[in-house]
Amino acid sequence: MVPEIKDMVLEKVAAGPVSARVYMGADFGKGPPIVLYLHGGAFLDNDPKADRPIANSLAKAGAIVVSADYSTLSGNVFPKALEVSYSIFSYLALKKAGLGDRKSLLFVAGEEAGGNVAAGVALKARDQMPDSLDGQILLSPLLDPFMGTSSIRKADKIGMRQRWTEGWSHYLSGGGCHPYAAPCLCSRISGVAPALIFTAEDDPLHDETVGYAARLKKAGVGVRQHVLPAGTGWPSIYGGKSEGTSTWQDNVSRHFGDFLQDVSVQPQLH
């Protein structure tokens with residue numbers, strides 16, 4: 001089923017009114033999960049009306065996905081980008097914006113640059129609103145400003161390395177490199193919400209994604225990690241060139257459904 005899509009403005013977010021595109025799964029039931037989705041774009045893009053295939057895939061699993069425009073208010077610069085995103089999360093945690101109900105689980109999700117901000121929101125939620133976040137969904141999160149992994153050194157093959165260099169320079173132009181800005185450098189990651197993490201064998205962000213998943217596991221965080229095979233078109237989620245037809249969407253929907261079951265039946269993961 002194709003999710004229903006509607007545009008709305010979150011008027012009462014502390015950071016200011018935020019535009020959002022909401023994807024509503026056609027078969028969501030009572031207490032549907034709510035997902036705050038943060039878009040990618042190398043900390044450079046801001047198109048609130050752009051199609052969001054990741055949001056669509058999560059909605060197909062029965063979630064209400066709030067694709068929030070965190071970029072307009074923040075200029076995609078740290079710490080403002082995190083502050084705006086966390087403000088949206090806090091509003092959803094307390095008010096639900098008229099979406100779902102009090103039994104709805106709350107998740108934060110993001111790919112590439114949005115995955116970075118989502119991971120930062122998860123860390124900040126642990127520190128300031130314990131138990132308010134039920135899970136984090138990180139899809140090839142852009143976590144390492146030093147870009148020194150083996151997989152990212154191959155990024156020139158899809159034309160992304162220079163773009164990410166420019167993006168990191170822009171994102172960190174507001175100040176120093178705080179752990180919330182580069183979660184892979186954070187020394188204390190225990191106690192964060194359980195994570196569903198995606199990458200692919202042909203993903204330039206493969207190594208830092210897998211490395212962060214390993215650190216979360218070592219810190220005692222519940223992790224579901226999925227490395228999709230090469231050729232699924234996965235790099236296309238953040239604008240990278242890929243050959244052939246993208247076939248990753250069903251994987252995201254299915255594994256998110258499994259993750260929902262994990263979190264729902266294992267409260268100790270929270």
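Computed from a prediction, not measured in an experiment: that's the story for all the values here.

**Q** Would you mind going over the packing of aromatic side chains with me for this structure?
**A** Centre distance and the angle of the planes are the two values used to describe a pair of aromatic rings. Throughout the structure, instances matching the rule amount to 10 aromatic pairs. Measuring from centroid to centroid gives 5.5 Å for tryptophan 234 and tryptophan 248, while their planes differ by 85°, and the two rings are edge-to-face. Taken together, the residues tryptophan 234 in the loop between β8 (223-228) and α7 (249-265) and tryptophan 248 in the loop between β8 and α7 connect sequence positions 14 residues apart. Here tryptophan 234 falls in the buried class, since its relative accessible area comes to 0%. Using a relative accessible area of 2% as the deciding quantity, one classes tryptophan 248 as buried. Through pairs of rings, three or more aromatic residues link up here, namely Phe43, Phe78, Trp168 and Tyr171.

**Q** Before we go on, may I ask you to explain the nonpolar core in this structure?
**A** In a soluble, globular protein the nonpolar side chains are often hidden away together inside. By size, the foremost hydrophobic cluster in this structure holds 89 residues, and its most contacted members are Ile88, Phe89, Ile137 and Trp164. Looking at which element gives the most residues to this core, the answer is helix α3 (residues 80-95), with nine residues. With sequence-adjacent residues up to four places away left out, phenylalanine 89 is seen in contact with Leu36, Leu106, Val121, Ala125, Met129, Ser132 and Leu133.

**Q** What's the story with the state of the cysteines in this structure? I'm lost.
**A** By definition, a disulfide links the sulfur atoms of two cysteine residues through a covalent bond. Under the criterion given, the structure shown has zero disulfides. With no disulfide partner, cysteine 186 has as its closest neighbouring cysteine sulfur the one in cysteine 184, 9.7 Å distant. You can call cysteine 186 buried: its relative accessible area is 7%.

**Q** Honestly, the environment of valine 263 in this entry has me stumped. Any pointers?
**A** With respect to the helices, strands and loops of the structure, valine 263 is situated in helix α7. Since its relative accessible area comes to 1%, valine 263 is described here as buried. On a C-alpha basis, the gap between valine 263 and leucine 105 in space is 8.8 Å, while along the polypeptide they are 158 residues apart.

**Q** Can you walk me through the sheet that holds strand β2 (residues 18-24) in this structure?
**A** Working definition: the strands of a sheet are paired by backbone hydrogen bonds and lie parallel or antiparallel to each other. Pairing is mixed across the open sheet formed by eight strands, whose spatial order is β1-β2-β4-β3-β5-β6-β7-β8. Unpaired on one side and paired on the other, β1 (4-10) and β8 mark the two borders of the sheet. Each strand of the sheet is rotated relative to its neighbour by a mean of 20°, with strand direction disregarded. In the sheet, strand β7 (residues 195-200) pairs with β8 via six bridges, with the strands oriented parallel. By the bridge assignment, alanine 195 is partnered in β8 with valine 223. Where helix α4 (residues 113-128) meets the sheet, its contacts fall on β3 (34-38), β5 (106-111) and β6 (135-139), and the angle it forms with β5 comes to roughly 150°.

**Q** How do you make sense of the pairing of β7 when you look at a structure like this?
**A** Taken residue by residue, a regular strand's side chains alternate between the two faces of the sheet. Where burial is concerned, most of β7 is hidden: six out of the six residues are buried. Alternating positions in β7 separate into two faces, Ala195, Ile197 and Thr199 on one and Leu196, Phe198 and Ala200 on the other, with burial throughout. The pairing of β6 with β7 spans four bridges and is parallel. Pairing of glutamine 136 across the sheet is with alanine 195, part of β7.

**Q** Just to check I follow, could you spell out the packing of helix α1 (residues 53-60) against α7 for this structure?
**A** When two helices pack together, their arrangement is given by the angle between their axes and by how far apart the axes lie. Direction vectors running N to C along α1 and α7 enclose 45°, while the axes themselves pass 8 Å from each other. Considered as vectors, α1 and α7 are oriented oblique to each other. Considering the relative orientation of α1 and α7, their crossing is right-handed. Counting all contacts with α1, which are made through Ser57, Leu58 and Lys60, the residues of α7 involved are Gln249, Val252, Ser253 and Phe256. Of the residues belonging to the contact of α1 with α7, the class tally is three nonpolar, three polar and one charged.

**Q** What is the right way to look at the packing of α3 against α4 in this model?
**A** Following both chains from N to C, one finds α3 and α4 inclined at 60°, their axes separated by 9 Å at the closest point. Considering the relative orientation of α3 and α4, their crossing is right-handed. For the pair formed by α3 and α4, the contact residues are Ala81, Leu82, Glu83, Ser85, Tyr86 and Phe89 on the first element and Val117, Gly120, Val121, Lys124, Ala125 and Gln128 on the second. Residue composition of the contact of α3 with α4, by class: seven nonpolar, three polar and two charged.

What counts, and where the lines are drawn
Residues numbered from 1 in each chain as written. Predicted model: local features only at pLDDT ≥ 70, side-chain atom pairs only at ≥ 80, totals over all residues. Heavy atoms only, no water. Phe/Tyr/Trp six-rings, centres within 6.5 Å; stacked < 30°, edge-to-face > 60°. Helix = DSSP H or I, 4+ residues; strand = E, 2+ residues; numbered from the N terminus. Buried < 20%, exposed > 50% of the residue type's maximum accessible area, 1.4 Å probe, protein only. Core = buried A, V, L, I, M, F, W, Y, C linked by side-chain atoms within 4.5 Å. Contact = heavy atoms within 4.5 Å. Disulfide = S-S within 2.5 Å. Pairing = 2+ DSSP bridges. Axes fitted to C-alpha atoms, helices over the stretch in contact; angles between N-to-C directions. Parallel < 35°, antiparallel > 145°, perpendicular 65-115°, else oblique. Left-handed = near helix turned anticlockwise from the far one by under 90°. Nonpolar A, V, L, I, M, F, W, Y, C, P; charged D, E, K, R; others polar.

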